[in-house]
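# Observations on chain architecture
Single-letter residue listing:
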Amino acid sequence: MGSYASMFSSTRMMTSHGEERRAYWAFVLPAFLIYLFVMAFPTIFAIFLSLTNYKGGALFGPKRRPVSIVGFQYYKQMFADKYFWLALKNNLWIVVISVFGQIPLGFFMAYLIFRGMIRGKDFFQTVIYLPCVISTVVIGRLWKAITAPNGVLPDIIRLFNPSYVAGNSEHPMIAVLLVILWMYTGTYLIIFLANLQKIDTSVIEAAKIDGATEMQALRYIILPALSGVIVTSAILAISGSLKSFDLIFVMTSGGPAKQTYVLSIYMYDTAFKGAPNYPLANAVSIVMCIISFALIGITKAVEKKFGGRE
Amino acid sequence: MSYIRDDVSAKRKIGMVLTYAVLILFTILAVAPLLWLAINSFKTSQDYQMNRLGFPRRFFWQNYVQAWQRGHFGIYIINSIIYTAVTTIAILVLSFMSGFAFSKINNRNTKWIYGSYVIGILMTLQSIMIPLFIVINQVGLYDTKLGVLIPYIGIGLPMGIYLSTEFMKSIPNALVESARLDGARYFMIFRSIMVPMAAPVGTTLAILQISGTWNEFMLINMLTSSMKNKSLPVGIQSFAGSLSTDYGKLFASLMIGLIPMLIFYIVFRKEITKGVSAGAVKG
């Protein structure tokens, strides 16, 4: 009787394990296959394509064109191209405006709202974040019209300086950077405000009763409490700079004279402007992937050190 | 004593006024360009050229009518709704399924599969746009709705699966185990226990996904070429490109692009800002 029961239970366990495994894969596989097809495969495929001379046409099937491996030829071409370096430099400018513009400004506003015990906190937060939720195409086209030589910005400058003559700017990247500052600062306001509100205000009040000035409270209580968030935000801003495409594509398309190129636009133009140079575009893609993965590694290390963001 | 207190409260008042002044200044800077856009969308092009800073001489509603007709925005909005709805629903279903399996069914593969999604959250999409374009092209999906939807779903999955899995981990295992002992199959448990209980994370996910998909431009601009497959942002970009100096209609078309998202934001602003502060937005 006893052995019968154990036999029964063991067969039941076995079918249950089989069912468990089948159920697991039935739930996991559909999503995972799509994910592999859309994100993992293109990444690996890009490594292959960057080492070949593939410049378009069918890769598979009866009409396929022969493709040969040419090694690092296109990487050499890329590193020899001054526009690659210009694009990289502009990406770095975006990092600079994010880290030294958006983050301090976002922090400053969040701090004012937090310490000022302002009424209408939600109002300020909602309105300042607004540019971020609107389609980048709308924002880019709007700013293109505002900053055009016959746009409204020259009109405004003329209010203060009547002799101003609108022409093409010598540094077209400045306009792009200012729009980026305008558009994304709200993100950091929200991140900092949410984290400031986790600080126990009674600690600050106690310090002030003991004679601490506002600056001391900021220096010794508030900033240390936010150090993890500030570091993560900085990394977010660095990796975010690699993501800039839409705004610049719509606002300047990388022009005039490629002066506002960033890596993604450089890559897009090599692939789609004139004769497609896919190997070069894929080489750029690999460089961006390497930067991106390096940043992921740094983020993980920092999160470990500061104990995460949540 | 009272003299000192007056001094402190006067200082505090000045501080308050300054704080409000600075914040109001920033608020004005944030909305002024958008208000300017709204005002100028009612000007005729001549009116705009003569007077770029002021109010319109008369409100020229025709800009909207003409932009709507000539820009084919009816088709684009329907396409955008299709892309957004299908992507969001697919991501919700697939994320819940994966989240359920990762959090409630033991399997030694969970570690690396789930880990690969976590990497996917942080990955820069821009870096794979060209290879993705080539892949979509090679499998014959260029300029089809499916060729847009599959990448959209694949890109949204990492964040969706991450949020669902983390949420479902907090649902007690005992619920699943007792249902199993009662002989319930996994699909039943998924449908009648997990999905209803994961509704809150589903809402967050849906809101983030809707705004992300609705505004997406880079991929769909690259993956489609015909009017029947373009979305609203791509439609605006190509309509704006076809106008050279007709600013009235340009601004009206930008307003057509702005209004749906503005309404969505006003309704769901709490959930959206919560998502941003949790770092759940892939900007």
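Residues numbered from 1 in each chain as written. Chains lettered and ligands numbered in written order. Predicted model: local features only at pLDDT ≥ 70, side-chain atom pairs only at ≥ 80, totals over all residues. Heavy atoms only, no water.

### Considerations on the overall build of chain A
Using the following cut-off: Secondary structure counts use DSSP, requiring at least four H or I residues in a row for a helix and at least two E residues in a row for a strand, with both numbered from the N terminus. This radius of gyration counts C-alpha atoms alone. The globule rule is 2.2 Å times how many residues there are, raised to the power 0.38. A simple rule labels every residue: compare its accessible area, found with a 1.4 Å probe on the protein chains alone, to the largest value its type can have, and call it buried under 20%, exposed over 50%, or partly exposed in between. By the convention used here, residues are in contact when the closest approach between their heavy atoms is within 4.5 Å. In this description, accessible areas are obtained by the Shrake-Rupley approach with a 1.4 Å probe, and a residue is regarded as covered only by the protein chains that are shown.
From N to C terminus, chain A includes 12 helices and 0 strands. Beginning at the N terminus, the succession of helices and strands in chain A can be written as α-α-α-α-α-α-α-α-α-α-α-α. Against the compact-globule benchmark of 19 Å for 310 residues, chain A has a radius of gyration of 27 Å, which places it well outside the compact range. Along the three orthogonal principal directions, the C-alpha set of chain A runs to about 95 × 70 × 30 Å. Within chain A, buried positions represent 50% of all 310 residues. Nonlocal contacts in chain A, meaning residues at least 24 apart in sequence, comprise 70% of its contacts between residues at least 6 apart. Put simply, chain A shows about 15200 Å² of open surface, and 67% of that area lies on carbon and sulfur atoms.

### A word on helix H9 (residues 186-197) of chain B
All names here are of chain B. Stated formally: The span one expects for a helix is its residue count, reduced by one, times 1.5 Å. The directions considered for the arc are those from the helix axis to the C-beta atoms.
Between the first and last C-alpha of H9 there are 15 Å, a value that for 12 residues agrees with the 16 Å anticipated at 1.5 Å per step. Buried residues of H9: Tyr-186, Ile-189, Phe-190, Ile-193 and Met-194, and no others. Looking straight down H9, one finds that the buried residues subtend no more than 125 degrees of arc, so they occupy a single side. Residues of H9 that are exposed and point more than 90 degrees away from the buried face comprise Phe-187 and Arg-191.

### Brief notes about the layout of surface pockets
A water-sized probe, rolled over the atoms, reveals where empty space remains. Keep this limit in mind: Only protein atoms enter the 1 Å grid, on which a cavity is a set of points fitting a 1.4 Å probe that cannot get out and a pocket is an open set with protein on both sides within 12 Å along at least 5 of 7 lines, lining residues being those with an atom within 4 Å of a point. Grid points are joined across faces, edges and corners, and a volume is the space filled by probe spheres set on the points. For this classification, Asp, Glu, Lys and Arg are treated as charged, while Ala, Val, Leu, Ile, Met, Phe, Trp, Tyr, Cys and Pro are nonpolar and the rest, including Gly, are polar.
In this model, the second largest pocket occupies a volume close to 1300 Å³. Lining the second largest pocket are 42 residues, and of these Trp143(A), Ile146(A), Thr147(A), Leu153(A) and Ala175(A) sit closest to its centre. Sorting the residues of the lining of the second largest pocket by element identifies helix H3 (82-115), helix H5 (136-147), helix H6 (152-160) and helix H7 (172-196) of chain A together with helix H1 (2-40) of chain B as the ones contributing at least two each. Here the lining of the second largest pocket gets 8 residues from one element, more than from any other, and that element is H7(A). Here the residues of the lining of the second largest pocket are counted per class, giving 32 nonpolar, 9 polar and 1 charged.

### Details of the side chain of Ser45(B)
This is how the line gets drawn: Polar contacts, as used here, are pairs of N or O atoms within 3.5 Å; protein pairs need one atom able to donate a hydrogen and one able to accept it. Residues neighboring in sequence count only if both atoms are side-chain atoms.
Tracing the backbone through its elements, the reader meets Ser45(B) in helix H2 (residues 45-50). Within the structure, the side chain of Ser45(B) is placed 2.7 Å from the side chain of Asp246(B), a separation counted as a polar contact.

### Section: helix H5 (residues 110-122) of chain B
All names here are of chain B. The first and last C-alpha atoms of H5 sit 19 Å apart over 13 residues, in line with the 18 Å expected at 1.5 Å per residue. Taken together, the buried positions of H5 are occupied by Thr-110, Ile-113, Tyr-114, Ser-116, Tyr-117, Gly-120 and Ile-121. Projection of H5 onto a plane perpendicular to its axis shows the buried side chains occupying an angular sector of 155 degrees, all on one side.

### Topic: empty space enclosed by the protein
Under the definition given, this model contains 1 cavity of 30 Å³ or more. In this structure, the largest cavity occupies an estimated 30 Å³ of space. What lines the largest cavity is simply Ser135(A), Val138(A), Trp214(B), Asn215(B), Leu232(B), Pro233(B), Ile236(B) and Gly257(B). Among the secondary structure elements, those contributing two or more residues to the lining of the largest cavity are helix H10 (199-215) and helix H12 (232-242) of chain B. Here the residues of the lining of the largest cavity are counted per class, giving 5 nonpolar, 3 polar and no charged.

### With respect to the interface of chain B and chain A
Note the following rule: Note: buried area is the sum, over both parts, of the accessible area (probe 1.4 Å) each one loses when the two are combined. Basic side-chain nitrogens of Lys or Arg form a salt bridge, by our definition, when they fall within 4 Å of a carboxyl oxygen of Asp or Glu.
The interface is formed by 97 residues belonging to chain B together with 95 residues belonging to chain A. Contact between chain B and chain A buries roughly 8500 Å² in total, counting both sides, with carbon and sulfur atoms accounting for 73%. Counting every contact that joins chain B to chain A gives 3 salt bridges. For Glu19(A), the salt bridge is made with Arg180(B), and the minimal N-O distance between the two is 3.2 Å. A per-element tally of the side of chain B that touches chain A places H1(B) first, with 16 residues. Here the side of chain B that touches chain A is composed, by residue class, of 66 nonpolar, 24 polar and 7 charged.

### Section: the domain arrangement of chain B
Residues and elements named next belong to chain B. Threshold: Residue ranges labeled as domains rest on an automatic or database domain assignment.
The domain boundaries assigned to chain B delineate domain 1 (2-40) and domain 2 (68-277). Look at where the C-alpha atoms of domain 1 and domain 2 centre, and you get two points 39 Å apart. Each partner contributes to the interface: domain 1 provides 5 residues, whereas domain 2 provides 4 residues. Taking both partners together, domain 1 and domain 2 bury about 410 Å²; carbon and sulfur atoms supply 90% of that area. Where domain 1 touches domain 2, the interface holds 0 salt bridges. Counting every contact that joins domain 1 to domain 2 gives 0 residue pairs in polar contact (both at pLDDT 80 or more). By residue class, the composition of the side of domain 1 that touches domain 2 is 4 nonpolar, 1 polar and no charged.

### Considerations on the packing of H5(A) against H7(A)
Residues and elements named next belong to chain A. The cut-off we apply is this: Axes here refer to lines fitted to C-alpha atoms; in helices the fit is confined to the stretch in contact. Angles between the N-to-C directions go from 0 to 180 degrees. Oblique is the label for any angle not covered by the other classes, which are roughly parallel (under 35 degrees), roughly antiparallel (over 145) and roughly perpendicular (65 to 115). Crossing handedness is defined as follows: a turn of the near helix away from the far one that is anticlockwise and smaller than a right angle gives a left-handed crossing, while the clockwise case is right-handed.
Here H5 crosses H7 at 135 degrees, and the two axes come no closer than 11 Å. Here H5 lies oblique to H7, going by the angle between them. Of the two possible hands of crossing, H5 and H7 adopt the one that is right-handed. Only Ala-175, Val-179, Trp-182 and Met-183 of H7 make contact with H5, whose side of the interface consists of Thr-136, Ile-139, Trp-143 and Thr-147. Class assignment for the residues of the contact of H5 with H7 results in 6 nonpolar, 2 polar and no charged.

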